[in-house]
Amino acid sequence: VCGAGLVVIATPSHTVRQTAKNLAPYIKSGQVIVCISKGFDEESLLRLSQVISSEIPHAAVASMSGPSHAEEVGRCLPTTNVVAHPDLKVAQYIQDLIMAPEFRIYTSDDIIGVELGGSLKNIIALCAGISDGLGYGDNTKAALMTRGLAEIIRLGRAMGGRLETFAGLAGVGDLIVTCTSMHSRNRRAGILIGQGKTAEQAQKEVKMVVEGVKTTKAAYKLSQKYDIDMPITHQAYNILFENKNPLQAVNELMCRSKKEEIETISFA
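Given the structure is predicted, the values throughout are model-derived calculations rather than measurements.

Caption draft 1: Layout of the nonpolar core. Residues L120, L155, L175 and C179 are the most contacted members of the largest nonpolar core, which totals 26 residues. Taken together, the elements giving at least two residues each to this core come down to α5 (111-133), α6 (138-158), α8 (169-180), α11 (211-225) and α12 (231-241). No other element matches α5, which puts seven residues into this core. Once you skip the residues sitting within four places of it in the chain, L120 turns out to touch F40, I152, L155, T215 and A219. Among the nonpolar cores identified, the runner-up in size contains 15 residues, and V7, I9, I52 and V61 belong to it.

Laid out in structure tokens, this is it:
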């Protein structure tokens, strides 16, 4: 990484802190790092760019997210992402370096929203997979995605993200691709859980890191910290960590007290 024009961190979320520690002695002041890992630090609940910055405070740390399964990026299929840094000049620098005809990059200064959208959607993708595993249909998945987005917006705005970011590539875009594609390890793990496997068994069978599991625990704690209503996330936590029957979780979600939709989505 010495003298590199751009350093990309793409490790699983639980290894980002140690990766940053390992890199710190070799990063020069102002050197640009972009994190494409998605999740939270399990102990501190920090966003991953915050984790990297805490270990390498002299670096310019950006985040990139969006609907971009590696299997398709590697085949040069048209893909779009958004790269974010509070200083748009940093985001534009990264955009100039990596944008290509098959990989279009947009910029944003809302790094909070971009990171939260990219992380929290993995919870909803797990739930979409559980729905598939239970044998439910398109109606159920559409409901999960829509009401899941409402939860992402509530927590995201409470933590400082902007509403319009969650309507973009790192929000709706990534949510759609992760909830609907078999490339999604989170959805695949969810299908296995819906079919009766435990979270541990599902992760072993998928044979890749299922970020949604750790993210569910972090989001559950964050919802309590910020006093945000996140019923889908709470039921996902109960299924993953309290051995709750998914069918019971669905029944409890469907039988909650009556709500007004738009009022619930809005966050003041």
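Caption draft 2: How the structure looks around the packing of aromatic side chains. What the rule picks out here adds up to two aromatic pairs. Plain terms: the ring middles of Y220 and Y237 are 3.8 Å apart, the flat faces sit at 5° to each other, and that makes the pair stacked. In this pair, Y220 sits in helix α11 while Y237 sits in helix α12, placing the two residues 17 residues apart along the sequence. The buried category is assigned to Y237, whose relative accessible area is 15%. Residues Y237 and F241 carry aromatic rings whose centres are separated by 5.1 Å and whose planes lie at 40° to one another, so their mutual orientation is tilted. Of this pair, Y237 and F241 both sit in helix α12, four residues apart, which is roughly one turn of that helix. On the accessibility criterion, F241 (29% relative accessible area) is partly exposed. Members of the aromatic cluster, connected to one another through ring pairs, are Y220, Y237 and F241.

Caption draft 3: Seen up close, the packing of α6 against α12. Here α6 crosses α12 at 100°, and the two axes come no closer than 8 Å. Considering their axes alone, α6 and α12 lie roughly perpendicular with respect to each other. Contacts between α6 and α12 involve L144, R147, G148, E151 and R154 on the former and, on the latter, P231, I232 and T233. When grouped by side-chain class, the residues that make up the contact of α6 with α12 number three nonpolar, two polar and three charged.

Caption draft 4: Up close: the environment of V250. Within the fold, V250 resides in helix α13 (residues 246-254). Between the alpha carbons of V250 and I232 there is a distance of 8.9 Å; along the sequence they are 18 residues apart. Sequence-distant contacts of V250, that is, excluding residues within four places in its chain, are made with L134 and Y136.

Caption draft 5: Looking closely at the side chain of R187. Its location among the elements puts R187 in helix α9 (residues 185-194). You can call R187 buried: its relative accessible area is 11%. Among the polar contacts made by the side chain of R187, one reaches the main-chain carbonyl oxygen of T180 at a distance of 3.0 Å. The contact partners of R187, leaving out residues within four places of it in the chain, are A125, G129, D132, K141, T178, C179, T180, S181 and M182.

Rules used in this analysis
Residues numbered from 1 in each chain as written. Predicted model: local features only at pLDDT ≥ 70, side-chain atom pairs only at ≥ 80, totals over all residues. Heavy atoms only, no water. Core = buried A, V, L, I, M, F, W, Y, C linked by side-chain atoms within 4.5 Å. Buried < 20%, exposed > 50% of the residue type's maximum accessible area, 1.4 Å probe, protein only. Helix = DSSP H or I, 4+ residues; strand = E, 2+ residues; numbered from the N terminus. Contact = heavy atoms within 4.5 Å. Phe/Tyr/Trp six-rings, centres within 6.5 Å; stacked < 30°, edge-to-face > 60°. Axes fitted to C-alpha atoms, helices over the stretch in contact; angles between N-to-C directions. Parallel < 35°, antiparallel > 145°, perpendicular 65-115°, else oblique. Nonpolar A, V, L, I, M, F, W, Y, C, P; charged D, E, K, R; others polar. Polar contact = N/O pair within 3.5 Å; in protein donor to acceptor, adjacent residues only side chain to side chain.

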